[in-house]
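# Reading the structure
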Amino acid sequence: MTTQPPESSPRPASSGELRASHDDREAVVEQLRDAAAEGRIDFDELDSRLEQALTSKTHAELAVLTADLPRPRSSESRSPLVLKGGMYGASRGPGRWEVPGHVIAHGGVGGVSIDFTRVECRLPEVAVEAYGETSGVTIIIPDGWVADTSGMDPALGGLRDKTTPDRLPGTPLIRLTGSGGLAGVVIRHPNRRERRKLHSNPTQG
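Now for a look at the structure at hand. Please read all numbers here as calculations on a predicted model, not as lab measurements.

### Comments concerning the overall build of the protein chain
Helix and strand content of the protein chain: 4 helices and 10 strands. Listing every helix and strand of the protein chain by position from the N terminus yields α-α-α-β-β-β-β-β-β-β-β-β-β-α. The buried share among the 205 residues of the protein chain stands at 39%. For the protein chain, the share of sequence-separated contacts (at least 6 apart) that also reach a separation of at least 24 residues comes to 69%. Split by element, the accessible area of the protein chain, about 12700 Å² in all, is 51% carbon and sulfur.

Have a look at this one:
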């Protein structure tokens, strides 16, 4: 009786052999543009590398293009952004700003506004601690972003969650914690006036 040799299972691909996604290619493109702006590579080399980045099919092909460049500091590793309302209030946005993995907002007497509507955020999740205190905290997120407010203590001021549960692929989850304090915390999508401004000035920084 003869025995058949066991069928060989497919060899799993190494990390470098994995196929690159559009987001992978775009991340390398941004790193190359930053390197050129910092004077690390000249513009002829930038054009060459950009062309290769946009046609790369695997992680290994992309890695070659940035092997001689410093690794970008991840958003997750940056220190938390702390906003304190104080006497006169504080805000971040609606222009473009770099979103860290952790944001802390203290409403104080003047209140705090955090507007994410013009940012580009590749993080899967952003932790936002909001403390309404005397004048409250308002958080504005784009359509397609969602918020988890289950960890929030409404306190006396309350929590008003006016967001929708329809999350678009590739958008971050805003995980909201903290306390409403006396004035409360509001998280919402843009209102009509803000939407008109977004549509009339889509590239405003």
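### Overview of the packing of helix H1 (residues 22-37) against helix H3 (residues 59-66)
Remark: H1 packs on H3, axes separated minimally by 10 Å, with the N-to-C direction vectors making an angle of 5°. Relative to H3, the element H1 is oriented roughly parallel. Contacts between H1 and H3 involve Asp 24, Arg 25, Val 28, Gln 31 and Leu 32 from the former and His 59, Leu 62, Leu 65 and Thr 66 from the latter.

### Description of the nonpolar core
Ile 114, Phe 116, Val 126, Val 128, Ile 139, Ile 174 and Leu 176 are the most contacted members of the largest nonpolar core, which totals 25 residues. Taken together, the elements giving at least two residues each to this core come down to strand S1 (81-84), strand S3 (102-106), strand S4 (112-115), strand S5 (125-131), strand S6 (137-140), strand S7 (146-153), strand S9 (173-179) and strand S10 (185-188). With 3 residues, S5 is the single largest residue contributor to this core. Once you skip the residues sitting within four places of it in the chain, Val 126 turns out to touch Val 99, Pro 100, Gly 101, Val 103, Cys 121, Pro 172, Leu 173, Ile 174 and Arg 175.

### Structural notes on the sheet that holds S4
Pairing between sheet strands relies on hydrogen bonds along the backbone, with the strands arranged either parallel or antiparallel. With parallel pairing, the 5 strands of this open sheet are ordered in space as S2-S4-S6-S10-S8. The open sheet has two edge strands with one neighbour each: strand S2 (90-92) and strand S8 (159-161). Taken over all neighbouring pairs, the strand axes of this sheet differ in orientation by 5° on average, direction set aside.

### Details of a nonpolar patch on the surface
On the surface, a cluster of nonpolar side chains totalling about 420 Å² of accessible area is made up of Met 87, Tyr 88 and Val 109. The topology assignment puts Val 109 in the loop between S3 and S4.

### Some remarks on the pairing of S9
Walk down a regular strand and you will see the side chains alternate between the two sheet faces. Buried residues dominate S9, accounting for 5 of its 7 residues. In the sheet, S5 pairs with S9 via 7 bridges, with the strands oriented parallel. Bridging across to S9, Val 128 finds its partner in Leu 176. Bridge analysis of S7 against S9 gives 6 bridges, and the strand direction is parallel. Across the sheet, the residue bridging to Ala 147 is Ile 174, located in S9.

### So, the environment of Gly 184
Mapping Gly 184 onto the fold places it in the loop between S9 and S10. Given the relative accessible area of 5%, Gly 184 is considered buried. Once residues within four sequence positions are removed from consideration, Gly 184 is found in contact with Gly 132, Gly 136, Val 137, Gly 157 and Gly 158.

### Section: the packing of aromatic side chains
Think of a pair of aromatic rings as described by two things: how far the centres are apart, and how the planes are tilted against each other in angle. This structure, assessed with the given rule, holds 2 aromatic pairs. With centroids separated by 5.2 Å and ring planes inclined at 40°, the aromatic side chains of Trp 97 and Phe 116 adopt a geometry described as tilted. In this pair, Trp 97 sits in the loop between S2 and S3 while Phe 116 sits in the loop between S4 and S5, placing the two residues 19 residues apart along the sequence. Phe 116 shares its class with Trp 97; the two are buried. Seen in terms of ring centroids, Phe 116 and Trp 145 are 5.7 Å apart; in terms of plane orientation they differ by 50°. Their pairing is tilted. Residue Phe 116 is located in the loop between S4 and S5, and its partner Trp 145 is located in the loop between S6 and S7; the two are separated by 29 residues in the primary sequence. When sorted by exposure, Phe 116 lands in the same class as Trp 145, which is buried. Every member of this aromatic cluster is reached through a ring pair, and the members are Trp 97, Phe 116 and Trp 145.

Cut-offs used in this document
Residues numbered from 1 in each chain as written. Predicted model: local features only at pLDDT ≥ 70, side-chain atom pairs only at ≥ 80, totals over all residues. Heavy atoms only, no water. Helix = DSSP H or I, 4+ residues; strand = E, 2+ residues; numbered from the N terminus. Buried < 20%, exposed > 50% of the residue type's maximum accessible area, 1.4 Å probe, protein only. Contact = heavy atoms within 4.5 Å. Areas by Shrake-Rupley, 256 points an atom, 1.4 Å probe, with all protein chains shown as cover. Axes fitted to C-alpha atoms, helices over the stretch in contact; angles between N-to-C directions. Parallel < 35°, antiparallel > 145°, perpendicular 65-115°, else oblique. Core = buried A, V, L, I, M, F, W, Y, C linked by side-chain atoms within 4.5 Å. Pairing = 2+ DSSP bridges. Patch = residues over 30% accessible without salt bridge, like charges linked within 9 Å, V, L, I, M, F, W, Y side chains within 5 Å. Salt bridge = Lys/Arg side-chain N within 4 Å of Asp/Glu carboxyl O. Phe/Tyr/Trp six-rings, centres within 6.5 Å; stacked < 30°, edge-to-face > 60°.

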